[in-house]
Amino acid sequence: MQRIQRAKVLLSGLQGVGAEVAKNLVLMGVGSLTLHDPHPTCWSDLSAQFFLSEQDLGRSRAEASQELLAKLNGAVQVCIHTGDITEDLLLDFQVVVLTASELQEQLKVGTICHKHGVCFLVADTRGLVGQLFCDFGEDFTVQDPTEAEPLVAAIQHISQGSPGILTLREEADAHRFNNGDLVTFSGIEGMVELNGCAPRPLHVQRDGTLEIGDTTTFSHYLRGGAVTEVKRPKTVSHEPLDTALFQPRVVAQSPQEVHRAHCLHQAFHALHKFQQLHGRPPKPWDPVDAEMVVDLAQALESLKGTEGEPLEEQLDKALVRRVALSSAGGLSPMAAVLGAVAAQEVLKAVSKKFMPLDQWLYFDALDCLPEDEEPFPNPEDYAPRDCRYDGQIAVFGAGFQEKLSHQRYLLVGAGAIGCELLKGFALVGLGAGGSGGVTVADMDHVERSNLSRQFLFRPQDFGRPKAEVAAEAARRLNSDLQVTPLTYQLDLTTEHIYGDNFFSSVDGVAAALDSFQARRYVAARCTHYLKPLLEAGTKGTLGSACVFIPHVTEDYRAPASAAASEDASYPVCTVRHFPSTTEHTLQWARDEFEGLFHLSAETINCHQQALTSLAHLDESQVLTVQQVVLGVLRQRPQTWRDCVLWALGQWQLCFHYGITQLLSRFPPDKVLENGTLFWSGPKQCPRPLEFDASQDTHLLYVLAAANLYAQMHGLPGSRDQTALRRLLKLQPLPDPQDLAPIFSSDLELASAYAEFGPEQSKQLHEALEIWTVGPPLEPLTFEKDNDFHVDFVAAAASLRAQNYGIPPADRTKTKRIVGQITPAIATTTAAVAGLVGLELYKVVGSPRPRSAFRHSYLNLAENYFSRWVPHAPAIQKFHHWKWTCWDRLEVPAGQPERTLESLLAHVQKLNGLRVRMLLHGKALLYSAGWSPEKQDQHLSRRVTDLVLEVTRQVPKPGQRVLVLELSYEGEKEDVTFPPLHYKL
């Protein structure tokens, strides 16, 4: 990030791709961005350039874009260059990016940049095809080639010898290292010569130990420490554009992709030739112009392989022709994808992190065009109309644009991806007509950390609902957009809002959610209502975009491993007493925050209201409440000094007295009945820490804990570390006897070994009586953007790690894990939103076969791009009956409403099988096996009366169907049939 913040980038060309590159770089925080584009804004620019509006027509694109760009990030200097691009100008930049430029300009600038070691990129789109070229010079060093964090493992033992043998605490960690890996060490006690040493190569032994070189002269190893992988830099060599133009190295995953990329390479070259000959691009869907482009492509010099040999490849003339026919347009989704990848390459150039492209990337979405399109549709339908959608009309036609404007879509989530999707909807004109509209649903509020990737938000929006802010910003992008914000989440509790009436008016759903639980729920709603679902997600430089179409593709399925990881938890006993990983220490620290500053305040407040039972608390939670009311302070704090005294006592309790007490119960040399040491394997014997105010982590814990404690009690806090150090040096450490009531109950070990008895409960109730005198306390909820919150957890986890000799997490990692922050960057977010936008074109257009749709996956760090056709829905069979996840049985209630007997007869007529019916998991009726008395009693009753009797619920207002689950009543087969929709 420091390298990025010092970077100077020149960006020439501010149409759609240029705007995306600029937006992403400013959000990512480059030092300065200089814009160059003297050309006047025209109507076709507005279809993909979101910094421009109708009021900017005729103005220089650079001048019209500067102000809005600068507002995205006040830390980035956004400048304009109005003159020509000269050699002297180029020398002032680390990276130069050309977009929407002519080939002659690319060759001139590329030659100068290669000569002087300036990283050079070319990015462009023509309709549904995009091109990206990178030249980082002949000797470019990548300091950190991959996104994976360096391996870190806890040390069990290191022997003295030649070679020294390293044993890891977790045997499985050894298999993560490879022979020759470079490693360094930290936190070792005893053999301190290894701490911070120069990187050492290691050799993996068969028994899982690691050879680390000569340790003969080093001190004897005592305990603790961590071994950390040191990543090796790699060197990249790129050819200049004048060479790479005829000898292209393309990013592709198969020989077929290589051939297609070569044909697209020649198509772009031919389009440049056409522009040079005619002074204009080909007209949209003009057959004469398209054939001229094909002829120019055929006349080009043959491409050469990596060794300079001519490539014997047949030009795909149909592909080139299709490119030429649709090349006049500018599309927002294409600009988003290419602009994101180009911006990521700029970041690679300045940060030296991740491998750059080698060297050409071609991306096409010609699958968006109808497969059964007439060879040459009426060009008049694609001609400019002097409107903001001209760039899109040039590709899809005016009729398609009209259809887009009348769509009604639900966007779930207004976070990073949601903002990008909403921007795309505004640019393409989704729901911008009289009967169309977009509904944005998100219950969250804008936070400071959102600004690095959610470009619809600004600092003045902190605390406001995301849905409302995003809707307002989208209207500014396109005043015709009909957008409605809703601040209610989509789940079981809001089905009265997002119910039958709501979904009946929706044409499709776009999901931008950050949990698999939420995704599964929204996908289930789409399956229930037979609505198309567009879904995207990211994690760092990884991204995916998927499309699910009723009766055409499979339905949404969350990855089993990812879904399971959301519900992963650690055993309480392990976290509290026997941590062995960094994650254990972070979980313990997060639990400490929750118990000390939230749960204890709620408990005391409830006690004030005569809600005296502690039965709702588990034993570990009761312990935490004890630490507040039975600690150093026996009554509420009155001053800042009281809060500091409490925080110091808490430090002693957690990191000294508590560990001492644990070791008195389980001494370091304790042996189990089977003869093995109790403290062995993952159980690392802890050691108590001695408080030292001169150590930053010790001071940070007390500072954060005292401020949080003060806030909870409505007292003023302090950030003055110098004054706090002075106070702590004068303050004696709390007497262990002051903490005796906590230890006397042996509750520190209760979660594993003991019971919380009536005597301890009485003692705690009596203490609570004292603490209830005064105003209610303020329960604190953890916020990842609150410095004291993160500081407390980071310091507590680090001290806990020191107790147990575990590698600590730094503050950044702590904030990411404890704050449940999914790594998110502007580039990947924009790319997946663009991929969703491309699938939207297909969904809105005329009905398409499954072969037209694409799931997509990308890894911007490793230059991996994949798109594939979704699977068809699985067909299930039972006897003669076949169905998929999209099928259901529909039965009208009728007038008058059906009786049970009528419904049974109708179901048996539909499938010819005897079935039983369930509603909300409760038996509603059986079609066979009833006694005559039951049949007489129930068969003549109305269905809704039976539903009320079984579920104790009446249909909700606006509810149009009752969903009944069918299962087979007969043989032993367990079959889940399609749901039965009983229409009310």
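Preceding this paragraph is the structure being described.
Here we summarise the structure given alongside this text. (Residues numbered from 1 in each chain as written. Predicted model: local features only at pLDDT ≥ 70, side-chain atom pairs only at ≥ 80, totals over all residues. Heavy atoms only, no water.)

Re the overall build of the protein chain
Heads up, the condition is: Counting from the N terminus, the helices are DSSP H or I runs at least four residues long and the strands are E runs at least two residues long. For every residue, the accessible area obtained with a 1.4 Å probe (protein chains only) is divided by the maximum for its type, and the residue is called buried under 20%, exposed over 50%, and partly exposed between those limits. Two residues form a contact once any of their heavy atoms are found within 4.5 Å. Each accessible area is a Shrake-Rupley estimate made with a 1.4 Å probe; only the visible protein chains count as cover when residues are assessed.
Within the protein chain, the regular secondary structure consists of 33 helices and 31 strands. Within the protein chain, the proportion of its 984 residues that are buried is 55%. Summarising the internal contacts of the protein chain: among those between residues at least 6 apart in sequence, 73% fall at separations of at least 24. When the accessible surface of the protein chain is totalled, it reaches about 41900 Å², and 50% of it is carbon and sulfur.

So, the packing of helix 22 (residues 640-665) against helix 28 (residues 787-804)
We count it as follows: Comment: axis = line fitted to C-alpha atoms, over the contacting stretch for helices; angle = value between 0 and 180 degrees taken between N-to-C directions. Here is the rule for angles: anything less than 35 degrees is roughly parallel, anything more than 145 is roughly antiparallel, 65 through 115 is roughly perpendicular, and the remaining ranges are oblique. Should the near helix be turned anticlockwise from the far one by less than a right angle, the crossing is termed left-handed; should it be turned clockwise, right-handed.
It is at 11 Å that the axes of helix 22 and helix 28 come closest, and there the two elements cross at 25°. The orientation of helix 22 with respect to helix 28, classified from their angle, is roughly parallel. For helix 22 against helix 28, the interelement crossing comes out right-handed. Contact residues: helix 22 offers Trp651, Cys654, Phe655, Ile659 and Leu662, while helix 28 offers Ala796, Leu799, Arg800, Asn803 and Tyr804.

Regarding the packing of aromatic side chains
Operational definition: Working definition: a ring pair exists when centres of Phe, Tyr or Trp rings (six-membered ring for Trp) sit within 6.5 Å. Plane angles under 30 degrees give stacked, over 60 give edge-to-face, the rest tilted. Charge-over-ring contacts are defined here by two conditions on Lys NZ or Arg CZ: a distance within 6 Å of the ring centre and an angle within 35 degrees of the ring normal.
The full count for this structure, using the stated rule, is 33 aromatic pairs. Ring geometry for Phe396 and Phe400: centres 5.0 Å apart, planes at 40°, overall tilted. Assigned by exposure class, Phe396 and Phe400 land together as buried. Clustering of aromatic rings is evident, with ring pairs tying together Trp588, Phe593, Phe597, Trp646, Trp651, Phe655, Phe691, Tyr701, Tyr709, Phe782 and Phe792. Note that Arg519 overlies the ring of Phe516, its terminal NZ or CZ placed 5.0 Å from the centroid.

Side note on unusual backbone geometry
Here the residue pair Ser162 and Pro163 is connected by a cis peptide bond, since its omega of 10° sits within 30 degrees of zero. Examined against the element boundaries, Pro163 turns out to sit in the loop between strand 8 (152-158) and strand 9 (165-168). In this structure, Lys352 is a non-glycine residue whose phi angle is positive, near 60°. With respect to the element layout, Lys352 can be found in the loop between helix 11 (332-351) and strand 16 (360-364). With relative accessibility at 28%, the residue Lys352 sits in the partly exposed group. The backbone of Asn863 sits at a positive phi, close to 60°, despite the residue not being glycine. Mapped onto the elements of the fold, Asn863 is located in the loop between strand 23 (855-859) and strand 24 (864-868).

Points about the side chain of Asp289
Worth spelling out the cut-off: Here a polar contact is taken to be a pair of N or O atoms separated by no more than 3.5 Å, where protein atoms must pair a possible hydrogen donor with a possible acceptor and residues adjacent in sequence count only if both atoms sit in side chains.
Secondary-structure assignment places Asp289 in helix 9 (residues 287-299). One polar contact links the side chain of Asp289 to the main-chain amide nitrogen of Lys283, over a distance of 2.9 Å. Once residues within four sequence positions are removed from consideration, Asp289 is found in contact with Phe274, Arg280, Pro282 and Lys283.

Here we look at the sheet that holds strand 10 (residues 182-186)
Our working definition: The pairing criterion for strands is at least two bridges between them, as found by DSSP.
If you walk across this open sheet you meet the 7 strands as 11-10-14-8-9-13-12, and the pairing is antiparallel. Each having just a single partner strand, strand 11 (200-201) and strand 12 (203-204) make up the two edges of the open sheet.

Some points on the pairing of strand 16
The element strand 16 is extensively covered by neighbouring structure, given that 5 of its 5 residues are classed as buried. Residues Trp360, Tyr362 and Asp364 line one face of strand 16 and the alternating positions Leu361 and Phe363 line the opposite face, and both faces are buried. As paired elements, strand 6 (residues 129-135) and strand 16 share 5 bridges and run antiparallel to each other. If you follow Gln131 over to strand 16, its bridge partner there is Tyr362.

Some remarks on the pattern of salt bridges
For clarity, the cut-off: Here, a salt bridge means any Lys or Arg side-chain nitrogen found within 4 Å of an Asp or Glu carboxyl oxygen.
Using the criterion set out here, one finds 40 salt bridges in the structure. Residue Asp124 is joined to Arg126 by a salt bridge in which the shortest nitrogen-to-oxygen separation is 3.3 Å. A relative accessible area of 7% places Asp124 in the buried class. Since its relative accessible area comes to 13%, Arg126 is described here as buried.

A few points about the nonpolar core
Here is the rule: Definition of nonpolar core: a set of buried residues of the types Ala, Val, Leu, Ile, Met, Phe, Trp, Tyr and Cys, connected through side-chain atoms within 4.5 Å.
With 153 residues, the main nonpolar core has Val96, Leu128 and Leu422 as its most contacted residues. With sequence-adjacent residues up to four places away left out, Leu128 is seen in contact with Ser326, Leu331, Met334, Phe363, Asp364, Ala365, Leu366, Cys368, Leu369, Val395, Phe396 and Leu838.

Side note on the side chain of Arg519
Within the fold, Arg519 resides in helix 17 (residues 516-529). With a relative accessible area of 13%, Arg519 lands in the buried category.

Looking at the environment of Val793
Relative to the helices and strands, Val793 resides in helix 28. Residues Val793 and Arg811, spaced 18 residues apart in sequence, show a C-alpha to C-alpha distance of 8.9 Å. Discounting residues that sit within four places of it in the chain, Val793 has contacts with Leu586, Ala589, Arg590, Phe593, Phe782, Thr814 and Val818.

A closer look at the sheet that holds strand 17 (residues 408-412)
Pairing between the strands of a sheet is mediated by backbone hydrogen bonds and can be parallel or antiparallel. Pairing in this open sheet of 8 strands is mixed, and the strands run 19-18-17-20-21-22-23-24 from one edge to the other. The sheet is open, and its two borders are formed by strand 19 (483-486) and strand 24, each paired with just one other strand. Put simply, the sheet's adjacent strands are angled 10° from each other on average, direction ignored. Relative to strand 18 (residues 437-441), strand 17 is paired through 5 bridges, and the arrangement is parallel. Bridge assignment links Leu410 to a residue of strand 18, and that residue is Thr439. Relative to the sheet, helix 14 (residues 416-428) contacts strand 17, strand 18, strand 19, strand 20 (508-511) and strand 21 (533-539), its axis offset from that of strand 17 by approximately 160°.

Digging into the packing of helix 22 against helix 23 (residues 696-712)
What counts, and what does not: Residues are sorted three ways: Asp, Glu, Lys and Arg are charged, Ala, Val, Leu, Ile, Met, Phe, Trp, Tyr, Cys and Pro are nonpolar, and all the rest, Gly among them, are polar.
Helix 23 packs onto helix 22 with a crossing angle of 125° between their chain directions and a minimal axis gap of 8 Å. One way to sum up the angle between helix 22 and helix 23 is to call them oblique. Here helix 22 runs over helix 23; the crossing is right-handed. Residues Trp640, Cys643, Val644, Trp646, Ala647, Leu648, Gln650, Trp651, Cys654 and Phe655 of helix 22 form the contact with helix 23, whose participating residues are His698, Tyr701, Val702, Leu703, Ala705, Ala706, Asn707, Tyr709 and Ala710. Within the contact of helix 22 with helix 23, the residues separate by chemical class into 16 nonpolar, 3 polar and no charged.

What about helix 13 (residues 398-405)?
Selection criterion: This arc corresponds to the set of directions leading from the helix axis out to the C-beta atoms.
Taken residue by residue, helix 13 has Ala398, Phe400, Gln401, Leu404 and Ser405 as its buried positions. The arc that holds the buried residues of helix 13, viewed along the axis, is 155°, so those residues lie on one side. Residues of helix 13 that are buried make contact with helix 12 (390-396), helix 14 and helix 30 (826-844).

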